[in-house]
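# Coordinates in review
Residues per chain, in single letters:
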Amino acid sequence: MPAPIKPRSVPVPTFGLARTLSKLGFCSRSQAEALVLEKRVSVNRRIVTDPEQRVRADDELRVDGRQVAARQHVYLMLNKPRGLVTTAADEAGRDTVYRCFEGAALPWLGPVGRLDKASEGLLLFSNDTGWAAGLTDPASHLDKTYHVQIDRLPDEALLAAMRAGIVDKGEKLVAKRVDVLRSGEKHAWLEVVLDEGRNRHIRRLLEAHGVGTLRLMRVAIGTLQLGDTAKGRWRMLTEAEVAMLTVSTKGRPAR
């Protein structure tokens, strides 16, 4: 008789400890790494000091003795005011965007992308790190729309140059679309659409053509509009809005 066939064992997937804490929505990955290095995290009641140690889905994780469980995902949008930095804590003691959430009893939330201190408008937050990664992945080419006040009146040559783009410090800076919203006697407002986001992307693009930025406001991400959300206020996203942003990041070929 032929020998009985032994069932093949299926390996149990494992993930790095810091990444797992982040995926559970407990904190950011960098915060998780710090917690592990501070000997505040245990796996199956044993303190672990390596943020990359592999853990299984059924392992018991604790931080400061309290068990960590998957948290309900939260998705919200903030109308960021100028003058706030997009970080949880600032070494220079500057006000951060988290000032807008004081007293709200929210779980840990991370910003989805960034707006610099001088910029304002639509900024997303979530504890769903996978969803956030999809939105910020350059390969998604998710459109982001900005209203930008500049210190001169634009002409077609400027708009064409912004659409053609420049290379600055080894980075290609280009506007997918740019149109004039309205003009005054000395200043004008542009609507600029990016499908990639470099640090100070629009400001650097304008500076390369001798144009200064007076105000910069993000008004849309994909089809999600800032709308009438007041400055410094926030609201939860609807299920439809979360789904819309999720769908909009899928199936886009990398360029």
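Up top is the structure.
Residues numbered from 1 in each chain as written. Predicted model: local features only at pLDDT ≥ 70, side-chain atom pairs only at ≥ 80, totals over all residues. Heavy atoms only, no water.

The helix and strand inventory of the chain stands at six helices and 17 strands. With the C-alpha coordinates of the chain rotated into their principal frame, the extents come out at 90 × 55 × 35 Å. Put simply, the chain has 255 residues, and 42% of those count as buried. Taking all contacts inside the chain whose residues are at least 6 apart in sequence as the whole, residues at least 24 apart take part in 65%. Summing over all exposed atoms, the chain offers an accessible surface of approximately 14,500 Å²; the carbon and sulfur share of this is 51%. Of the side chains in the chain, 41 bear a positive and 31 a negative charge, and the two mean positions are spaced by 3 Å. (Helix = DSSP H or I, 4+ residues; strand = E, 2+ residues; numbered from the N terminus. Buried < 20%, exposed > 50% of the residue type's maximum accessible area, 1.4 Å probe, protein only. Contact = heavy atoms within 4.5 Å. Areas by Shrake-Rupley, 256 points an atom, 1.4 Å probe, with all protein chains shown as cover. Lys, Arg positive; Asp, Glu negative; His and termini not counted. Charge placed at Lys NZ, Arg CZ, Asp CG, Glu CD.)

Let us look at the packing of aromatic side chains. In the structure shown here, the tally under the stated rule is five aromatic pairs. Ring centres of Tyr75 and Trp131 lie 4.8 Å apart, and the angle between their planes is 75 degrees; on these two criteria the pair is classed as edge-to-face. Residue Tyr75 is located in strand β7 (residues 75-80), and its partner Trp131 is located in helix α3 (residues 129-136); the two are separated by 56 residues in the primary sequence. Relative accessible area serves as the criterion here: at 15%, Tyr75 is assigned to the buried category. Between the aromatic rings of Phe101 and Phe125, the centroid separation amounts to 5.0 Å while the plane-to-plane angle is 90 degrees, which identifies the pairing as edge-to-face. Of the two residues, Phe101 sits in the loop between β7 and β8 (110-112) while Phe125 sits in strand β9 (residues 120-126), which places them 24 residues apart along the sequence. (Phe/Tyr/Trp six-rings, centres within 6.5 Å; stacked < 30°, edge-to-face > 60°.)

The next thing to look at is the environment of Trp234. Turning to its location among the elements, Trp234 is positioned in strand β17 (residues 234-236). The exposure class assigned to Trp234 is partly exposed, which follows from its relative accessible area of 28%. Remark: the alpha-carbon pair of Trp234 and Asn79, spanning 155 residues in sequence, is separated by 6.3 Å. With near-sequence residues (within four places) excluded, Trp234 lies in contact with Leu76, Met77, Leu78, Cys100, Phe101, Ala104, Leu106 and Thr229.

Purely geometric numbers; function is a separate question.
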